[in-house]
Every structure is written in structure tokens, then in C-alpha cells.
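Observations on chain architecture
So the chains spell out like this:
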Amino acid sequence: MRKIIVSIIIPVYNVESYLSICIKCILRQSFSDFEVIIINDGSTDMSGHICDEYAKKDTRIRVFHLKNHGVSAARNFALSKVRGEYIMFVDADDYWLGDDSLAILVSEAIKNNADIVRGEYRAVDKDGNLFFERLINKKKQICSYKIVSSASFLTNVFQGEYFLFLSLFKYDKIQHLRFDVQQIFLEDMDFYAKFFLQPVSCEFVPLRFYAYRKIISSASSVTSIKKLENSFGMCNKFDKYASDTVNAQLKQYFRYRSVMMYYWTLGTVASDDSYYINRQKIIKILDLKALQKLTFKRMWKYFVFNKSFLVISMLPSHGIFWLRIKNRIAIKIYSLINKFKK
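Residues numbered from 1 in each chain as written. Predicted model: local features only at pLDDT ≥ 70, side-chain atom pairs only at ≥ 80, totals over all residues. Heavy atoms only, no water.

Another aspect to go through is a nonpolar patch on the surface. Residues W300, F303, F305, F309, L310, F321, W322, I325, I329, I333 and I337 make up a contiguous nonpolar surface patch of about 1100 Å² in total accessible area. Put simply, the parts of the chain that give the nonpolar patch at least two residues each are α13 (309-313) and α14 (316-341). Counting residues per element, the nonpolar patch draws most heavily on α14, at six residues. Relative to the elements of secondary structure, F303 occurs in the loop between α12 (288-301) and α13. Given the relative accessible area of 65%, F303 is considered exposed. (Patch = residues over 30% accessible without salt bridge, like charges linked within 9 Å, V, L, I, M, F, W, Y side chains within 5 Å. Areas by Shrake-Rupley, 256 points an atom, 1.4 Å probe, with all protein chains shown as cover. Salt bridge = Lys/Arg side-chain N within 4 Å of Asp/Glu carboxyl O. Helix = DSSP H or I, 4+ residues; strand = E, 2+ residues; numbered from the N terminus. Buried < 20%, exposed > 50% of the residue type's maximum accessible area, 1.4 Å probe, protein only.)

Let us look at the environment of Q198. Examined against the element boundaries, Q198 turns out to sit in the loop between α7 (187-195) and β10 (202-213). Not counting the four nearest positions on each side in its chain, Q198 is found in contact with K173, H176 and L177. In terms of polar contacts, Q198 uses its side chain to reach the backbone carbonyl oxygen of K173, at 2.6 Å. A polar side-chain atom of Q198 sits 3.1 Å from the main-chain carbonyl oxygen of F195. (Contact = heavy atoms within 4.5 Å. Polar contact = N/O pair within 3.5 Å; in protein donor to acceptor, adjacent residues only side chain to side chain.)

Enumeration according to the criterion identifies 36 aromatic pairs in this entry. Between Y162 and Y192, the ring centres sit 6.4 Å apart and the planes meet at 55°, which makes this aromatic pair tilted. Here Y162, found in the loop between α6 (150-158) and β9 (167-170), pairs with Y192, found in helix α7; they are 30 residues apart in sequence, far enough to count as distant. On the basis of relative accessibility, which here comes to 8%, the residue Y162 falls in the buried class. (Phe/Tyr/Trp six-rings, centres within 6.5 Å; stacked < 30°, edge-to-face > 60°.)

A separate point is the environment of K237. Along the chain, K237 falls in helix α8 (residues 225-244). Between the C-alpha atom of K237 and that of R255, which follows or precedes it by 18 residues, the distance is 9.9 Å. For K237, the contacting residues outside a window of four places in its chain are D180, Q183 and D190. A polar contact of 2.7 Å, which involves the side chain of K237, links it to the side chain of Q183.

For the pair helix α1 (residues 19-27) and helix α2 (residues 47-57), the least separation of the axes is 10 Å and the interaxial angle reads 25°. Relative to α2, α1 is oriented roughly parallel. Crossing hand, α1 versus α2: right-handed. Counted together, L19, S20, I23, K24 and L27 of α1 and S47, I50, C51 and Y54 of α2 form the full contact between these two elements. Its residues assigned to classes, the contact of α1 with α2 shows six nonpolar, two polar and one charged. (Axes fitted to C-alpha atoms, helices over the stretch in contact; angles between N-to-C directions. Parallel < 35°, antiparallel > 145°, perpendicular 65-115°, else oblique. Left-handed = near helix turned anticlockwise from the far one by under 90°. Nonpolar A, V, L, I, M, F, W, Y, C, P; charged D, E, K, R; others polar.)

Below you can see the structure in the form of C-alpha cells.
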């Protein structure tokens with residue numbers, strides 16, 4: 001079969017209200033040498049029917065209907081079917097903002113022989129109204145339109161946002177990679193970490209091409225013990241990835257994350273009311289006392305000393321309590337500042 005330039009992967013699960021918008025924005029692209037691989041992951045609404053109707057109208061669309069096994073399994077299946085030289089992932093409730101978005105990203109990838117090209121996003125509400133836009137700050141601007149190292153790319157461009165849908169990947173660099181189907185949260189983060197273990201050329205394009213729809217009831221916003229388990233679990237994964245790379249800068253980056261993921265996730269427990277109420281249960285189920293001891297050792301071993309030092313030195317219950325107080329003080333100060341501004 002003829003080789004395609006870009007394969008666009010869309011996992012679909014019960015998104016009948018948004019699916020047409022997502023597909024139409026792709027079909028409108030000025031760059032047309034692509035295929036769309038849609039994985040209907042056991043939808044119980046009209047999503048599957050909508051996919052089939054679009055496939056009848058456009059031969060570039062291929063639809064596969066599977067039993068529900070989650071977004072990671074759907075993406076893995078799609079990766080086994082792609083024909084593209086480059087791969088992009090799109091969430092079915094989101095959409096692209098410009099008709100030239102794909103053309104710009106592909107052009108930059110080919111021109112600079114980049115293994116990954118990443119753009120920017122705009123967060124919108126369920127109706128497509130602007131929610132917020134992250135500033136394209138100086139760190140990102142410095143990396144714009146040029147090839148940079150993996151460590152620089154992760155530090156200066158990602159800045160903690162591991163959104164898979166913002167990147168155009170060269171297929172040769174991800175054909176051996178798969179998503180961890182046991183991970184329902186931060187699966188993008190884990191996939192990126194594995195991707196950067198290999199030598200890759202990275203480019204940032206300050207193009208705000210993606211509309212990320214923030215829907216409160218979406219799978220990414222539903223709180224659960226499993227999500228916390230996945231988040232705390234990234235501590236050990238990052239530590240493993242640090243030992244798997246010979247790149248000194250990348251090793252340092254992964255080691256830092258192996259410590260800070262504990263601190264950041266503990267902060268989530270402290271700030272989320274439902275988590276905070278059940279904190280003792282969470283500490284027991286996830287064995288956070290053992291993880292705290294391990295993280296404390298890593299902190300000294302890798303010389304990670306910053307604002308997290310005090311909390312990581314405490315028992316998990318004390319650390320959560322302290323972060324809770326810290327958050328409330330910060331909220332009160334912020335409220336007072338706004339009051340005086342008025």
C-alpha cells in the first residue's frame with residue numbers, strides 16, 4: 001500500500017457531541033496527504049455510527065471497532081495499523097484551530113529532519129469558548145524553530161505539560177514504543193519519557209494549533225485512587241528511566257522528577273477535598289510511608305534540595321497536613337491582594 005506522510009490517531013469513547021467537530025477540522029487541513037485512524041473503544045452512544053459515516057465519505061479515514069479496553073490499548077492498536085512516516089494523536093473531544101496547522105508542523109519536521117515537533121494549545125470550555133492560554137515565555141521562545149537536545153526540550157518547552165496531542169512524531173522513533181495499558185493516568189508522561197530515552201532531534205514551533213477542551217466530567221478529570229497510584233508510580237518509573245540513559249542531562253532531569261513526583265502528588269492529595277478526607281486510607285493503600293522513605297533517600301542521593309525538602313522529610317500524613325495549611329494560607333493571601341487591588 002502507498003506510504004502516507006502522516007497518520008492521525010483518534011481514540012473514541014462516547015463523545016458523540018464533539019466527534020464531528022474533531023474530524024471536520026482534520027479533513028479541512030490544507031495538507032492532505034494523511035490518513036485518519038479512528039479507534040472506537042466500545043462506545044455505547046452514537047460515536048461508532050458517526051465514525052462509520054465519515055469513513056464512507058472520505059477514503060482517508062479508517063475505523064476500527066473494539067471492545068472497551070481504555071485509551072492506551074486503543075492507541076497501541078492504532079500504532080500497529082499506521083502507514084504514515086509521521087504520527088499525531090488527537091483526543092476526540094478536542095479540535096485543531098487552523099486549516100494550515102498540519103502543513104506547518106510537517107514542513108518544519110521535514111525541513112529540519114526533526115524526530116519530534118511540538119506546538120502549543122488553547123484551553124477551551126465545553127462550548128469552545130476560551131478558558132485560558134499559557135504564555136509562550138522566553139524559555140520556549142529560545143527553543144523556537146531550531147533543533148535542541150532532549151533535556152532542553154523537556155525542561156524549556158514541556159515545562160511539566162506532557163500533552164501527547166501537541167506533538168508530531170517521526171514514526172521510526174516510536175514504532176517500537178507502546179503505552180502502558182495498566183496506566184490510566186499520566187500515560188502521556190510515561191510514553192514521552194520512553195521516547196526520549198533514545199537519541200532524538202527536537203523542535204518547538206510556537207504555533208497555537210490545538211484546542212484542548214476542559215470538560216469536568218471527562219476521564220482525565222475524574223478523581224480516583226488509581227490516578228494517585230499512577231502519579232506516585234511515576235517516581236519509580238522516572239528513577240528507572242534515569243538508570244536506562246547514558247545522557248547526563250537527561251539522567252539528571254529524570255532523577256529530579258523521581259523525587260518531585262512524590263511532592264507534587266502529595267500536594268494533589270492535600271488540595272483535593274475528596275482526597276484529603278480519605279488521606280489515611282490513601283496512605284495505607286498506596287503504602288506511602290515506604291515511598292516517602294525511598295524518596296527521602298533519593299533526595300539526598302541525587303542532591304534534590306528545594307522547597308520540597310521539608311515535606312519529603314516528613315511522614316506522609318504530616319506532609320499532606322502541612323501542604324494543606326500552606327495552600328490555605330496562599331489562597332488567603334491571594335484573596336487579600338485582589339481585595340486591595342479593587
